[in-house]
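Observations on the model geometry
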Amino acid sequence: MDIADISLHLLNFVAPAFFLALGLVGCARILGMKTPLVQYWWAQAAINFIVGCLALALGLWYFGSDGKMATYGLLTLSTALSQWVLARGWR
């Protein structure tokens, strides 16, 4: 496998975390979230993206392959929890 194939595999692996992070921040802005812990949208998206990548990596480690529905469920729950914390949802 050459560097182009490795790059494409890596980009396809983290794509769900990237688009989910952007979608969560966008929906939070549209729905009028409270005063967030992090003011900048790009910083919130980056934090959600990192949390999502960690969830995907954990699923890859646990199951030995990517693309399992349990991994995507963990991705959804972990990024939603991250956005809830960033939006101070407990207040």
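The notes below deal with the structure included here. (Residues numbered from 1 in each chain as written. Predicted model: local features only at pLDDT ≥ 70, side-chain atom pairs only at ≥ 80, totals over all residues. Heavy atoms only, no water.)

1. Let's talk about the nonpolar core
Formed by Phe13, Val14, Ala17, Cys53, Leu56 and Leu75, the largest nonpolar core amounts to 6 residues. Those elements that place two or more of their residues in this core are α1 (3–30) and α2 (41–63). For this core, the leading source of residues is α1, giving 3 residues. Filtering out sequence-adjacent residues up to four positions away, leucine 56 remains in contact with Phe13, Val14, Ala17, Thr71, Tyr72 and Leu75. (Core = buried A, V, L, I, M, F, W, Y, C linked by side-chain atoms within 4.5 Å. Buried < 20%, exposed > 50% of the residue type's maximum accessible area, 1.4 Å probe, protein only. Helix = DSSP H or I, 4+ residues; strand = E, 2+ residues; numbered from the N terminus. Contact = heavy atoms within 4.5 Å.)

2. Structural notes on the packing of aromatic side chains
Under the defined criterion, the tally for this structure stands at 5 aromatic pairs. When the ring of phenylalanine 18 is compared with that of phenylalanine 19, the centres are 5.2 Å apart and the planes differ by 75°; the resulting orientation is edge-to-face. Residue phenylalanine 18 is classed as partly exposed on the basis of its relative accessible area, which comes to 39%. Looking at phenylalanine 19, the relative accessible area reads 58%, which means it is exposed. Between phenylalanine 18 and phenylalanine 49, the aromatic rings sit 6.1 Å apart at their centres with planes inclined by 85°, giving edge-to-face as the arrangement. In this pair, phenylalanine 18 is assigned in helix α1 and phenylalanine 49 in helix α2, connecting sequence segments 31 residues apart. The exposure class assigned to phenylalanine 49 is partly exposed, which follows from its relative accessible area of 24%. Through a chain of ring-to-ring contacts, three or more aromatic side chains come together here, namely Phe18, Phe19 and Phe49. (Phe/Tyr/Trp six-rings, centres within 6.5 Å; stacked < 30°, edge-to-face > 60°.)

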